[in-house]
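Here's the letter readout for the chains.
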Amino acid sequence: MSAGGNGGDTNGAPGVNDSASPLLIERHSDRTIIRLNRPEVRNAIDQSMVDALHAVCAELEAEPKVAILTGTSGIFAAGADISQLRNRRRDDALAGINSKIFSRIQELPMPVIALVEGFALGGGAELAFAADFRIGTPSTKIGNPETGLGILAAAGAAWRLRELVGEPRAKEILLAGRTLQADEAKAIGLLNDVVDPEDLELAGQALADRIASFAPVAVRLSKSAFHAPREAHPLIDNVAQAVLFETEEKFARMDAFLSKREAKKAKKAAEQEAAERARAEAVTTEAIDQQRDSRTREEGDNA
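Small disclaimer: the values here were computed from a predicted structure and weren't measured.

Counting 46 residues, the largest nonpolar core has Leu23, Phe76, Ile105 and Leu190 as the members making the most contacts within it. Considering every element that reaches this core, the biggest residue donor is helix 1 (residues 47–62), with 7 residues. Core analysis: the second largest hydrophobic core is formed by 12 residues, Ile113, Ile135, Leu200 and Val219 among them.

In C-alpha cells:
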C-alpha cells in the first residue's frame, strides 16, 4: 500500500519487516503503518506481537508520527492468543502484559488510526479501543467475550469502553457478551466510519493526510490536553497554549491565514467594483439606446 502525504522509507529494522514477523511496518515521513501479521491464527495477540508493538511504540515516541494500525487477510485481531492465555497465571495477570502495551499505544504523542476489518474480539477489541480513531467495514464485529472463557476484559475495556460508548452499552458488551456489528458500532460512536473493504486503507490514509496537514506540535499538545485528567484543566490548556503561542509555525500559519483573508477581501472588492462598473455601463448604454430610439421616432414623425 502506498501512503499519502510525503511518502518515505518502507524499509524496516532488521527482523521487523520479515514476512514471518508478527508485525509488518511501513515507515513514511509523516506516518507509520503497522500491520498485525499472524493471519494463521487470525492475528491473535501473543507475546511476540506485544514485544514488537513495544518496539514500534518506542520509535513513535522518539519520532512522533501518525500511526495507522491494521490487520491482514480481512481480520483485525480475533483476540489474545488463547494457547498462551491458557497458561498464564497470577503473576502474568499482575504484570499487565496486554494492558501496558495498549496504554502505551493510547499515550503515543500523535494520533493512532485503527482500521478494523472483520473480527476485533477480546484483546483485539481492546487494542482498537486504545486508538484515537476507528474505521470499519461491513464485516466488522467488535466484542469482549472474555467472561465466556472465565476471565475478564482486563486490558482496558473495563474502563475505556464506558468512556467510549457509555455505561449501558459497555455493560451489554462486557457483562452480557454482546458482539456489535459494524452499523451498531458506528451508531454508538465506537466506529468513526464504515466504508467498503476496498476503501478501508484509502479512508485511513485520507484521515492521516488531514491530520498531517495540521501543525504537528499543536496536534500533539491537543491530544495530551484531551487525555489529561479533569483536575489538570485549565492549567494544562493554558501552558500548552503558551508553548504554541511562541512557535514559528503559529506565526507562519496565522500570517498565511490573514494574507489569504486579505486576498479574498481584495478579490471580492475588485469583483464588486467590476460589477458596479458593468452596471453603470449598462445603464449608460440603455440611456443612449433610449435617446437614439427617441430621435429615431421624432425623425419618423417629422418625415
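Attention shifts here to the packing of aromatic side chains. Scanning the entire structure with this criterion turns up 0 aromatic pairs. Here the guanidinium or amino end of arginine 42 rests over the ring plane of phenylalanine 119, the centre of that ring lying 5.0 Å away. Looking at lysine 250, its charged tip hangs above the ring of phenylalanine 251, at a distance of 4.2 Å from the centre.

The next thing to look at is the confidence of the model for the protein chain. Detailed reading of the predicted coordinates is not advisable wherever pLDDT falls low. Across the protein chain, the average pLDDT comes to 91, with 93% of residues at or above 70. Low confidence marks residues 1–16, where pLDDT is under 50. Its contacts with residues over four positions away, or in another chain, come to 42 contacts.

The mixed open sheet is built from 3 strands, whose spatial order is 5-7-8. On the outer flanks of this sheet lie strand 5 (119–121) and strand 8 (180–181), each paired with one strand and no other. Pairing between strand 7 (residues 141–143) and strand 8: 2 bridges, direction antiparallel. By the bridge assignment for strand 8, lysine 141 is matched with glutamine 181.

What counts as what
- Residues numbered from 1 in each chain as written.
- Predicted model: local features only at pLDDT ≥ 70, side-chain atom pairs only at ≥ 80, totals over all residues.
- Heavy atoms only, no water.
- Core = buried A, V, L, I, M, F, W, Y, C linked by side-chain atoms within 4.5 Å.
- Buried < 20%, exposed > 50% of the residue type's maximum accessible area, 1.4 Å probe, protein only.
- Helix = DSSP H or I, 4+ residues; strand = E, 2+ residues; numbered from the N terminus.
- Phe/Tyr/Trp six-rings, centres within 6.5 Å; stacked < 30°, edge-to-face > 60°.
- Lys NZ or Arg CZ within 6 Å of the ring centre and 35° of its normal.
- pLDDT = per-residue confidence, 0-100.
- Contact = heavy atoms within 4.5 Å.
- Pairing = 2+ DSSP bridges.

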